[in-house]
Amino acid sequence: MRLERFSVRRRAELQLRLGSGSKEPPYATQSKSALALSLAIATLIWAGHPQARASAEGPWFGLVLPGGTAPAVQVGPRPPRPVVLPDGEQAAAEFDGSAIKRDVATLVQFAKDSRDRREVGSGQMWGRIAGFPSSDRAVAWAADQFRQAGIKDVRVQPIAQEARASLWLPLNWKVTLLADPAFGAGTTDLVLSSALPVGPSQIAGGTLTAPLVYVGAASPAVLNHIDVKGKIAVQLVVPQGHMLFERGSVDARSEELVKRGAVGVFNLIRLPGNELSRDFTDCGNPCFNIGGRDGWFLEALLDRAAAAGVQDKVRVRIDLATETFRGLKATNAVAVIPGRSPETLVLNAHADGWFEGAGDNADGLAVLVALARHFGKAGAPPERTLVFVASAGHHTPGINGPRSFVAANTDLARQAVMLVNIEHVAQRNFSPARTTSKDGYREAVADSGEAPIAVGVTNNSRFLQALIDRGPATHGVNFISAPSTFQSGETGGWAELKVAKVSVMQAPPLYHTTGEVLDVISAPGLERIARFLSGFVTAAGRAAGADLNP
Ligand SMILES: [Zn+2]
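Residues numbered from 1 in each chain as written. Predicted model: local features only at pLDDT ≥ 70, side-chain atom pairs only at ≥ 80, totals over all residues. Heavy atoms only, no water.

A. Region of the structure containing the coordination of the zinc ion. Coordination of the zinc ion by the protein comes from H350 (NE2), D360 (OD), E423 (OE) and H424 (NE2), over a distance range of 2.1 to 2.4 Å. Relative to the metal, the four donor atoms surrounding the zinc ion lie at angles of 79 to 170°, and the coordination shape comes out irregular. All donors to the zinc ion come from one chain, and their sequence spacing reads H-x9-D-x62-E-H. With D360 in helix α8 (residues 358-376) and H424 in the loop between β16 (416-423) and β17 (428-436), the pair connects residues that are 64 residues apart, well separated along the chain. What makes H424 buried here is its relative accessible area of 1%. (Donors = N, O, S within 2.8 Å, 3.2 Å for Na, K, Ca; no water. Tetrahedral: all angles 85-135°; square planar, octahedral: opposite > 155°, others 65-115°. Helix = DSSP H or I, 4+ residues; strand = E, 2+ residues; numbered from the N terminus. Buried < 20%, exposed > 50% of the residue type's maximum accessible area, 1.4 Å probe, protein only.)

Structure representation (structure tokens):
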């Protein structure tokens, strides 16, 4: 024990000398007085394994309280790698990464406006939501850009939500940890700011109060030892990549917890920062996703309460109001550049997104618009007709941009020989940082490249795969190394097109969370992918039909 304390102290002193590297000012610079210095050392010792070493004194067992507004990913002063133009490729204003990023900012602002204008409830749930003005504004903006690009044939087409479909949204909510004197003097109620209800959670009467019980990974081997009846089960979710890959297991385990009598489920999602996560589905009772640092705190609290024999006193009150929306209306924007051939290449990007949605999918839509500007420049018509679709998207049940396009434009759809779906394309890559927050939670830091991009070609056309294989060398795009035939949810809406469907897609860890912000979009990355796609579409436009669809 002594030895361990000594080593922690040594580490703290070393950190003081080297500087912690965190965004906080180095403790040694806060004051030069010996007293302040020793206080700082004490703070660092205590922060060595922070929550486990919490003081017994003070509120909430002396734990560092969660909260704060630090970004999920630190973006330092080093910019992403610059664009290197391939031989023979000219500088072009429409592909300037900073200019495309300004368009991403415009789209992000539509989402922020939806929050500020309280488009949904109290404004806690926001984004560019298909069926609401925020998404329509993004589509109308795209239509306007298509026109300004000189494209004559621009159509804004209405979409009515399918009759039996509905969209569940939380209007306002609050998850409050209830204070108890057993947790230390001065303990007062604490709101978990990252809590977000999982759809379609509901609470009769709007309020639920229950004790919490920690169930780890909620595997059967664990659950056989834990009684969750009448309690809110707290399960830990540690995504290997992003939440997408965890959906099956998290949803199944949440349902199992409810079957065993849990009155609710909290998914503690161990991802960077303290973000709201719009993912996973209903477990049968109210379920909430909880962000990384709130979850970190909750785990430590449940440990401390268990050690003190007061775990039954850890209780939470949930206030939740929701609404199920039906009969919503949305729009697609379509731009057509006639080619020498009536055969069409369809380029698509969805306009809807949760929260800022800078990566899902403001970047993809901004790149689509850049491509429309490029091909819309006066000059010879393209070989094949080009169709640009700013789609209402696929997040809102019963509203599907691609399906609506096919129904409303049978002529263009029938002539399609290839679809390219541009979806999440220019977020920066990040890694766990060497630094931690004050509560010991690992920080994340952006590096100088973009997150990996998967490119799926549904028919595995050798011609198209070969074009994609060359992308990293010609344009520096960070395509994953293995060819794929995958398609995304948005691409799935194009099922009626029985042709090559190409999905260009990043799925980084903060996908569908409030951490997907403008700051983590790479301007050079936008230019890289826009230029690559321009070459890809040009080559596909000239290719023999049998090469595209063997
Ligand atoms: Zn998307």
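B. Up close: the packing of aromatic side chains. Under the criterion given, the structure shown has 11 aromatic pairs. The interplanar angle of 80° and the centroid separation of 5.1 Å between the aromatic rings of F132 and F325 together place this pair among those described as edge-to-face. With a gap of 193 residues between them, F132 in the loop between β2 (127-128) and α4 (133-148) and F325 in strand β11 (residues 315-325) connect regions that are remote in the sequence. The exposure class of F132 is buried, given its relative accessible area of 8%. (Phe/Tyr/Trp six-rings, centres within 6.5 Å; stacked < 30°, edge-to-face > 60°.)

C. Quick look at α4. The end-to-end C-alpha distance of α4 is 22 Å, a good match for the 22 Å that 16 residues give at a rise of 1.5 Å each. Those residues of α4 that sit buried are S134, S135, A138, V139, W141, A142, A143, Q145 and F146. Where α4 is buried, its residues contact α3 (97-116), β2, β3 (153-160), β12 (329-337), α8 and β15 (384-391). (Expected span 1.5 Å × (residues − 1). Contact = heavy atoms within 4.5 Å.)

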